[in-house]
Amino acid sequence: MTSDFHSTLHSLRVWDTLLPGFDVDAAPDEPLPLFRQWFVEAARAGQPEPHTVNLATVDAEGRPDVRVLMLHDADPRGFHFASHATSAKGRQLAGRPDAALCFYWPSVGRQVRVRGRVGACGPEESRADLAVRSRGALAAALTGRQSEVLDSPEELARASAAAWERAGAEPEAPAPTWTRYVLDPAEVEFFQGDAARRHVRLRYRRTGPAAWRRELLWP
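It should be emphasised that the depicted structure is a prediction, and the values quoted were computed from it without experimental measurement.

(A) Geometry of the pairing of strand E9 (residues 211-217). As paired elements, strand E8 (residues 200-208) and E9 share seven bridges and run antiparallel to each other. Among the inter-strand pairings, Arg 206 is bridged to a residue of E9, identified as Trp 212. Between the antiparallel neighbours E8 and E9 lie two residues.

In structure tokens, the structure reads:
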């Protein structure tokens, strides 16, 4: 299996296709419009699940942690996502609210990296976030206990079945630990891959409440 792994790994190539260009001179003065444009272009190019994003946090000992979750919105407040406040990421954000996001859309050879401070929304907005999602999402929220040790698959099956039934019978059932979060960006980098490795990197750095500085970075 080791030989299969290495032969497969070294046979892989990236961006052996025509990639879009990136005219940095035409980029807007702030990152949100460009993010929304790139997001739509990735979706239209056939990128599966372009709304999935890596969230990196740091625990109380300073050890980094990362996982994939879903983007719920991107607006002037920042980048929105949700989780349980009692989950590992929820506890980490409560203790050290600085975090980073990374979107990767290989169909267009693009990344967007975001760094900033995360704030928790209030109960009303958090409940509204859950209300527009599916019965399965509500059932998962009602199951709770995210990141806790699971004793057996049977325990999960029983809890999930009970939560599914409750979600169907009580679509407004409260999930007290479910929390909507917003990352307020201090830096946003747009990366356009290039087959010749002349990648284009444009970074926005916040210099005021509504002011940004644009900088090109070496690839």
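(B) The arrangement of a nonpolar patch on the surface in detail. A contiguous nonpolar patch, built from Phe 5, Leu 9 and Leu 12 and spanning about 310 Å² of accessible area, is present on the exposed surface. Tracing the chain through its elements places Leu 9 in helix H1 (residues 2-11).

(C) Examining the packing of aromatic side chains more closely. The final tally for this structure, using the stated rule, is 13 aromatic pairs. Ring centres of Phe 79 and Phe 103 lie 6.3 Å apart, and the angle between their planes is 45°; on these two criteria the pair is classed as tilted. Of this pair, Phe 79 sits in strand E4 (residues 78-84) while Phe 103 sits in strand E5 (residues 98-105), placing them 24 residues apart in sequence. The interplanar angle of 75° and the centroid separation of 5.7 Å between the aromatic rings of Phe 190 and Tyr 204 together place this pair among those described as edge-to-face. Note that Phe 190 is positioned in strand E7 (residues 178-192) and Tyr 204 in strand E8, a separation of 14 residues in sequence. Here the two residues Phe 190 and Tyr 204 agree in accessibility, since each one is buried.

(D) Structural view of the pattern of salt bridges. In the structure shown here, the tally under the stated rule is 14 salt bridges. Across the salt bridge formed by Asp 129 and Arg 180, the nearest N and O atoms sit 2.5 Å from each other. Residue Asp 129 is found in helix H4 (residues 123-131), and its partner Arg 180 is found in strand E7; the two are separated by 51 residues along the sequence. There is no split in this pair, since Asp 129 and Arg 180 are both buried. Among the charged side chains, a network of salt bridges with common partners joins Asp 59, Glu 61 and Arg 63.

Calculation notes
- Residues numbered from 1 in each chain as written.
- Predicted model: local features only at pLDDT ≥ 70, side-chain atom pairs only at ≥ 80, totals over all residues.
- Heavy atoms only, no water.
- Pairing = 2+ DSSP bridges.
- Helix = DSSP H or I, 4+ residues; strand = E, 2+ residues; numbered from the N terminus.
- Patch = residues over 30% accessible without salt bridge, like charges linked within 9 Å, V, L, I, M, F, W, Y side chains within 5 Å.
- Areas by Shrake-Rupley, 256 points an atom, 1.4 Å probe, with all protein chains shown as cover.
- Salt bridge = Lys/Arg side-chain N within 4 Å of Asp/Glu carboxyl O.
- Phe/Tyr/Trp six-rings, centres within 6.5 Å; stacked < 30°, edge-to-face > 60°.
- Buried < 20%, exposed > 50% of the residue type's maximum accessible area, 1.4 Å probe, protein only.

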